[in-house]
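Descriptive analysis of the structure
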Amino acid sequence: SFDNAYHKLMNQVMESGTEKTDRTNTGTKSVFGHQMRFDLSEGFPLLTTKKVSFKLVATELIWFLRGDTNIKYLLQYNNNIWNEWAFKKYVESDDYTGPDMTDFGHRALEDEAFNKQYKAEMKTFKEKVLNDDDFSKKYGTLGNVYGKQWRHWAGPNGEVIDQMKNLIDGLKNKPDSRRHIVSAWNPAEIETMALPPCHTLFQFYVADGKLSLQLYQRSGDIFLGIPFNIASYSLLLALVARECNLEAAEFVHTIGDAHIYSNHFEAVNTQLSRTSYAPPELKIKSDKSMFELEYEDFEIEGYESHPAIKAPIAV
Ligand code: U5P
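Here's what I pulled together on the structure shown here.

Analysis parameters
- Residues numbered from 1 in each chain as written.
- Predicted model: local features only at pLDDT ≥ 70, side-chain atom pairs only at ≥ 80, totals over all residues.
- Heavy atoms only, no water.
- Helix = DSSP H or I, 4+ residues; strand = E, 2+ residues; numbered from the N terminus.
- Buried < 20%, exposed > 50% of the residue type's maximum accessible area, 1.4 Å probe, protein only.
- Polar contact = N/O pair within 3.5 Å; in protein donor to acceptor, adjacent residues only side chain to side chain.
- Contact = heavy atoms within 4.5 Å.
- Pairing = 2+ DSSP bridges.
- Axes fitted to C-alpha atoms, helices over the stretch in contact; angles between N-to-C directions.
- Core = buried A, V, L, I, M, F, W, Y, C linked by side-chain atoms within 4.5 Å.
- Patch = residues over 30% accessible without salt bridge, like charges linked within 9 Å, V, L, I, M, F, W, Y side chains within 5 Å.
- Areas by Shrake-Rupley, 256 points an atom, 1.4 Å probe, with all protein chains shown as cover.
- Salt bridge = Lys/Arg side-chain N within 4 Å of Asp/Glu carboxyl O.
- Parallel < 35°, antiparallel > 145°, perpendicular 65-115°, else oblique.
- Left-handed = near helix turned anticlockwise from the far one by under 90°.
- Nonpolar A, V, L, I, M, F, W, Y, C, P; charged D, E, K, R; others polar.

Turning our attention to the side chain of Thr24. Checked against the element boundaries, Thr24 lands in the loop between strand E1 (18–20) and strand E2 (28–39). Here Thr24 falls in the buried class, since its relative accessible area comes to 3%. One polar contact links Thr24 to Thr26, side chain to side chain, over a distance of 2.8 Å. Apart from residues lying up to four places away in sequence, Thr24 is in contact with His106, Tyr261, Ala314 and Val315.

So, in structure tokens, the structure goes:
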């Protein structure tokens, strides 16, 4: 099953990963260079040994495909996965006058009184992004993250490069090409991004009327990030295949630094003790182009899973 490949990675890192310090000061166990393959003809790879929210995956992917980089769209779908990074930029700015939020990620876990303050500030922040246009323009944006690079890469002479449109044209007109690549890694703009892209570059491949996709992910939080990334890129493969009248074949997931944070070890062991279910199926209930699809056009059928497992995110 799809869960097997993922459990194998968790096992391998728990048993033989190298202990390493990291940017977030949490500490990890990690391996370098790992590959998993997911055959979409067997179903949709939404993991079943813990509940993974398809809604969060789908709304984030639609947001990328729209070329959007402002969390307002995500908040409208109650998708909170990018909040911490936008919030960080706000509380570090001169416009922020509330209680000191330095290192809020760690402090919220350790100090209950601070956690209350943090939650209140975050709630106000979200409301302002949703309801105050000027505030939202200034602090809802994450800089030149995925959406910008996928749809509006800034060329050297002021031209705008739509990598996704070029990709679709290329797949339709020159399926055999070895240049079906989209890069989110734009060295000139890394400084302007809230988080340098984790899913760095992807490539498509056509053979026998079937389409495959490989992602190079430079850094992968195995417990919280990877289940999401697997579902997200599998959905992208399904959408691009549909757009090009091809059958979706394999999603190949290649990870650089694949790590488990030390405060996720217990959660990982819980998940490893669980047995998988059969994977669900993805249904797209519309003829619209992939660039016009809305969340309401998707359905995940027959998703049976173990309950979600909570774990803190490293900011
Ligand atoms: N991360 C993911 N998947 C994503 C986005 C972020 O796993 O889609 C994780 C990275 O693996 C890392 C953190 O743990 O977020 C980003 O930190 P860094 O690699 O930039 O230091």
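Anyway, onward from the coordinates.
This part takes up the sheet that holds E2. With mixed pairing, six strands are arranged side by side in an open sheet as E1-E2-E8-E7-E6-E5. Single-partner strands in this sheet number two, and they are E1 and strand E5 (181–183). The sheet shows a mean angle of 20° between the axes of neighbouring strands, direction not considered. Lying over the sheet, helix H1 (residues 2–16) contacts E1, E2 and strand E8 (247–261), oriented at roughly 165° with respect to E2.

Side chains of a nonpolar character, in soluble globular proteins, are inclined to be buried together. Within the largest apolar cluster, 94 residues are counted, with the highest numbers of intra-cluster contacts made by Phe125, Trp150, Met164, Phe202, Phe204 and Leu236. When residues in this core are grouped by element, the largest group, 12 residues, is from helix H10 (residues 226–243). Aside from chain neighbours lying at most four places away, what touches Phe204 is Leu167, Leu171, His180, Leu211, Ser212, Leu213, Leu236, Leu237 and Val240.

Right, let's talk about a nonpolar patch on the surface for a bit. Together, Phe32, Ile181, Leu201 and Tyr216 make up an exposed nonpolar region whose accessible area comes to about 390 Å². Following the sequence through the fold, Leu201 ends up in strand E6 (residues 199–207).

Let us look at the packing of helix H9 (residues 163–173) against H10. For the pair H9 and H10, interaxial distance at closest approach is 10 Å and the crossing angle is 55°. Put simply, H9 runs oblique to H10. Considering the relative orientation of H9 and H10, their crossing is right-handed. Contacts from Met164, Ile168, Leu171 and Lys172 of H9 reach H10 at Leu236, Val240 and Glu243. Residue composition of the contact of H9 with H10, by class: five nonpolar, no polar and two charged.

Here Phe228 shows up in helix H10. The exposure class of Phe228 is buried, given its relative accessible area of 17%. For the pair Phe228 and Ser53, spaced 175 residues apart in sequence, the C-alpha to C-alpha distance is 8.2 Å. Ignoring any residue separated from it by four or fewer positions in sequence, one finds Phe228 in contact with Val52, Ser53, Leu56, Val57 and Ile81.

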